[in-house]
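Secondary and tertiary structure notes
Listed here are the chains, written in short residue letters.
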Amino acid sequence: MKKTMVFVFVMSCFQPMVAQDAMTMLIMQNQNDSTILHRIEQFRKGGYEKALDYGTHTREEFIATAKTYLGTPYQYGGTTTKGMDCSGLIFRTFRDLGLKAPHGAQALARYGEIMLDKGELLPGDVIFFTNTYPTNKLVTHAAFVVAGGLMIHASTSKGVQITPIDDPYYWNEHYLFGTRIFAPALDIPVPNR
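Residues numbered from 1 in each chain as written. Predicted model: local features only at pLDDT ≥ 70, side-chain atom pairs only at ≥ 80, totals over all residues. Heavy atoms only, no water.

Named according to an unreviewed UniProt entry, the chain is C40 family peptidase originating from Reichenbachiella carrageenanivorans.

1. What about empty space enclosed by the protein?
Applying the stated criterion across every chain, the model contains one cavity of 30 Å³ or more. Within this model, the largest cavity holds a volume of roughly 40 Å³. Surrounding the largest cavity, Leu 52, Ile 90, Leu 108, Tyr 111, Val 126, Phe 128, Thr 179 and Ile 181 form its lining. Its residues assigned to classes, the lining of the largest cavity shows seven nonpolar, one polar and no charged. (1 Å grid on protein atoms, 1.4 Å probe; cavity = no way out; pocket = protein on both sides within 12 Å on 5 of 7 lines; lining within 4 Å. Points joined across faces, edges and corners; volume = space filled by probe spheres on them. Nonpolar A, V, L, I, M, F, W, Y, C, P; charged D, E, K, R; others polar.)

2. Regarding unusual backbone geometry
Unlike most non-glycine residues, Glu 49 shows phi in positive territory, near 55°. Note that Glu 49 resides in the loop between helix H3 (34-45) and helix H4 (59-67). (Helix = DSSP H or I, 4+ residues; strand = E, 2+ residues; numbered from the N terminus.)

3. Observations concerning helix H2 (residues 22-29)
Here H2 has its buried residues at Ala 22, Met 23, Leu 26 and Ile 27. Seen along its axis, H2 keeps its buried residues to an arc of 140°; they face one direction. (Buried < 20%, exposed > 50% of the residue type's maximum accessible area, 1.4 Å probe, protein only. Arc of directions from axis to C-beta.)

4. Examining H4
Where H4 is concerned, the buried positions are Arg 59, Phe 62, Ile 63, Thr 65 and Ala 66. What you see down the axis of H4 is that its buried residues fit within an arc of 165°, all on one side. Buried-residue contacts for H4 involve helix H5 (86-96), strand E5 (141-146), strand E6 (150-155) and strand E8 (175-180). (Contact = heavy atoms within 4.5 Å.)

5. Considering the sheet that holds E5
Here we have six strands laid out as an open sheet, ordered E3-E8-E4-E5-E6-E7, and antiparallel in their pairing. Across the chains shown, the open sheet's two edge strands, defined by having one partner strand only, are strand E3 (113-115) and strand E7 (159-164). Across the sheet, the axes of successive neighbouring strands diverge by a mean angle of 30°, strand direction being ignored. On top of the sheet, H4 reaches E5, E6, E7 and E8; it is set at about 120° to E5, its chief contact. Sitting on the sheet, H5 is in contact with strand E4 (126-129), E5, E6 and E7, with an inclination near 55° to E5. (Pairing = 2+ DSSP bridges. Axes fitted to C-alpha atoms, helices over the stretch in contact; angles between N-to-C directions.)

Dropping the structure here:
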């Protein structure tokens, strides 16, 4: 009986380390960067992993809708076919499907279950990047994951386009996390290259 109680006590001491939330893990991953740590803390205070209503739509519908904007020129703050930015593409995709989403990469990053492991990303997940331009915000770029190791996003140089998600510019230094806005599915993760 005593051995069982000691084992239960010891296991309960380790439980918080195993079940840490995504923000705690992100902080641990960035211990050596005081600027990012400050930005993570500011982001954390605003809340995260909020629910976002996707109605009865599927991942495939979101991706197909986003693809209708391929070739749209980049325009900071834009949400129309005349020009859109990265979060404008996601905002507009939701709107076209009769749904509401915030406009702004940092605001969008507060919705959905955070996925730190790139190997867990599925088509339809939204991925976020940091430090893609000078700002005090943690999140500076957003994209939808599409099948085949690709993402659809609005690039400042080429507008709405599909590019590899393992593009060294985004993945190596700037990848932050992904979010899953759709209910968990039995989908196959996007393969890492």
